[in-house]
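Fold and contact review
Read off the chains here:
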Amino acid sequence: MKTSDFYYDLPEELIAQDPLEDRSGSRLLFLDKETGKTEHHIFRDVIDYLNPGDCLVINDTKVIPARLIGEKEGTGAKIEVLLLKRGENDVWETLVKPGKKAKPGTRISFGEGLLVGEVVDVVEEGNRLIHFEYKGIFEEILDQLGQMPLPPYITHQLEDRSRYNTVYAAHEGSAAAPTAGLHFTPKLLKEIQEKGVDIARVTLHVGLGTFRPVKVEDVTEHHMHSEFYMVDAEAAEKINKAKEHGGRVICVGTTSCRTIESAADENGRLKPCSGWTEIFIYPGYQFKILDGLITNFHLPESTLIMLVSALAGKEHVMAAYEEAVKERYRFFSFGDAMIIL
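A quick note: this is a predicted structure, and the numbers were derived from the prediction, not measured.

Once that is clear, we can look at the sheet that holds strand 6 (residues 78-86). Read around the closed barrel, 6 strands run 5-6-7-10-9-8, paired in antiparallel fashion. Within the sheet, the average angular offset between the axes of one strand and its neighbour, ignoring direction, is 45°. Sheet analysis places strand 5 (residues 67-72) next to strand 8 (residues 107-110), joined by 2 bridges and oriented antiparallel. Bridge pairing in strand 8 places Glu-71 opposite Ser-109.

For helix 6 (residues 314-326), built from 13 residues, the straight-helix expectation of 18 Å at 1.5 Å per residue is met to within 8% by its first-to-last C-alpha distance of 18 Å. Looking only at helix 6, the buried set comprises Val-317, Met-318, Ala-320, Tyr-321, Ala-324 and Val-325. Looking straight down helix 6, one finds its buried side chains confined to an arc of 160°; they lie on one side. Residues Glu-315, Glu-322 and Lys-326 are exposed on helix 6 and point more than 90 degrees away from its buried face.

With domains assigned, the chain is organised as domain 1 (1-61 + 158-338) and domain 2 (65-145). Computed over C-alpha atoms only, the centres of domain 1 and domain 2 are separated by 31 Å. Listed per partner, the contact involves 8 residues of domain 1 and 12 residues of domain 2. Both sides of the domain 1 and domain 2 interface together cover about 880 Å² of buried area, and 52% of this is carbon and sulfur.

Moving on to the pattern of salt bridges. Taken as a whole and judged by the stated rule, the model has 19 salt bridges. Close ionic contact of Lys-241 with Asp-198 constitutes a salt bridge, the shortest N to O distance being 3.8 Å. Residue Lys-241 is found in helix 3 (residues 233-244), and its partner Asp-198 is found in strand 12 (residues 198-204); the two are separated by 43 residues along the sequence. Under the relative-accessibility criterion, Asp-198 is labelled partly exposed at 24%. Salt bridges here are not isolated pairs; linked through shared partners, they connect Glu-73, Arg-107, Glu-118 and Glu-133.

So, on to the environment of Val-252. In this structure, Val-252 sits in strand 14 (residues 249-252). On the accessibility criterion, Val-252 (2% relative accessible area) is buried. Linking Val-252 and Glu-301, residues 49 residues apart in sequence, is a C-alpha distance of 21 Å.

Bringing the sheet that holds strand 13 (residues 227-231) into the picture now. The mixed open sheet is built from 9 strands, whose spatial order is 2-1-17-16-14-3-12-13-15. Strands at the two margins of the open sheet, each flanked by one partner only, are strand 2 (38-42) and strand 15 (273-277). The mean angle between the axes of side-by-side strands here comes to 20°, regardless of whether they run parallel or antiparallel. By the bridge criterion, 2 bridges tie strand 12 to strand 13 in an arrangement that is antiparallel. Paired with Thr-203 across the two strands is Met-230, which belongs to strand 13.

The rules we used
- The residue numbers shown here count from 1 along each chain, following its written sequence.
- Only residues with pLDDT of 70 or above have their local features reported here, since the model is predicted, and side-chain atom pairs are shown and tallied only from 80 upward, although totals for entire chains, interfaces and linings are computed over all residues.
- In computing side-chain values, all of the structure's heavy atoms are included and hydrogens and water are not.
- The pairing criterion for strands is at least two bridges between them, as found by DSSP.
- The way it works is that DSSP assigns letters per residue, a run of H or I at least four long becomes a helix, a run of E at least two long becomes a strand, and they are numbered from the N terminus.
- Working convention: axes come from line fits to C-alpha atoms, limited for helices to the stretch in contact. Angles between N-to-C directions cover 0 to 180 degrees.
- Residue count minus one, scaled by 1.5 Å, sets the expected span of a helix.
- Throughout this description, buried means an accessible area under 20% of the type-specific maximum (1.4 Å probe, protein chains only), exposed means over 50%, and partly exposed covers the range between.
- Our arc is simply the arc of the directions from the helix axis toward the C-beta atoms.
- Reported domain spans reflect what an automatic or database domain assignment gives.
- Residues are treated as being in contact if the distance between any of their heavy atoms lies within 4.5 Å.
- Two parts placed together each lose some accessible area under a 1.4 Å probe, and the buried area is that loss summed for both.
- Whenever a carboxyl oxygen of Asp or Glu lies within 4 Å of a side-chain nitrogen of Lys or Arg, that contact is scored as a salt bridge.

Right, here's the structure in full:
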């Protein structure tokens with residue numbers, strides 16, 4: 001299986017640069033995973049595809065303003081730091097640009113010294129471990145100095161920070177949003193629950209792996225960046241109950257999907273757990289729990305389009321993407337959505 005098998009041609013003007021004013025007003029493409037049949041709707045019509053007894057799984061991670069712009073002490077050179085993973089004792093794994101200016105021992109000042117970072121080590125794939133010094137509460141300083149870490153294909157500044165978080169975001173720790181969830185409003189979630197659909201909350205802190213291109217031609221040689229996830233007792237119970245009673249488990253986003261597939265045992269049952277996952281789902285994967293997926297449109301040759309293809313088949317997915325391009329759907333993080341059942 002080649003990475004190039006997952007390429008499609010996308011006109012640049014179809015990359016959504018800004019979120020819609022009405023979260024649930026985006027478009028929705030329905031894809032039948034068995035037949036490849038498609039239908040076109042508005043996102044709030046998603047409720048029509050959900051049945052009483054189904055379980056909708058959402059990722060309640062919260063994106064932190066993880067992008068910091070600082071100056072190298074001594075030279076004043078501009079350095080950009082993206083926080084990826086929190087370690088112990090105020091040490092973070094980060095991505096630094098330009099990396100060559102960030103050798104161990106380099107000190108970087110943010111907000112005129114409000115926050116100071118010292119590079120302590122170089123880790124795999126060129127990332128840096130940085131120890132931060134500050135007075136007060138780190139989250140408050142980050143809120144003051146940090147910017148939302150928008151993907152590189154979004155060139156506009158985001159006016160309202162909350163639009164790069166879901167309405168149910170709760171646990172801080174992501175360097176990117178679980179974007180399929182951006183379409184939901186409190187009103188739509190309430191209507192879904194009133195219809196008899198259970199909503200289970202899991203957490204996966206989205207790391208940089210979500211943006212990392214697949215650089216190998218043989219898909220099976222790609223290695224995923226590890227991400228932290230949590231499934232609590234309530235979520236496990238709701239998901240198991242749906243499966244036992246013949247309901248479907250439908251994940252909102254690839255991150256929710258990767259969480260429950262990482263946490264499931266061989267019999268497709270969940271227990272409360274937490275840990276780090278490097279699960280890479282591509283065609284040939286046998287899903288243990290997932291029945292359906294609500295997701296955005298993903299980059300060509302990305303691990304995410306491979307995951308979607310594992311669920312609905314590469315031919316069906318690539319044909320649906322071709323149709324979405326033809327119908328002028330909006331693509332990527334702030335774009336439109338698809339539901340695969």
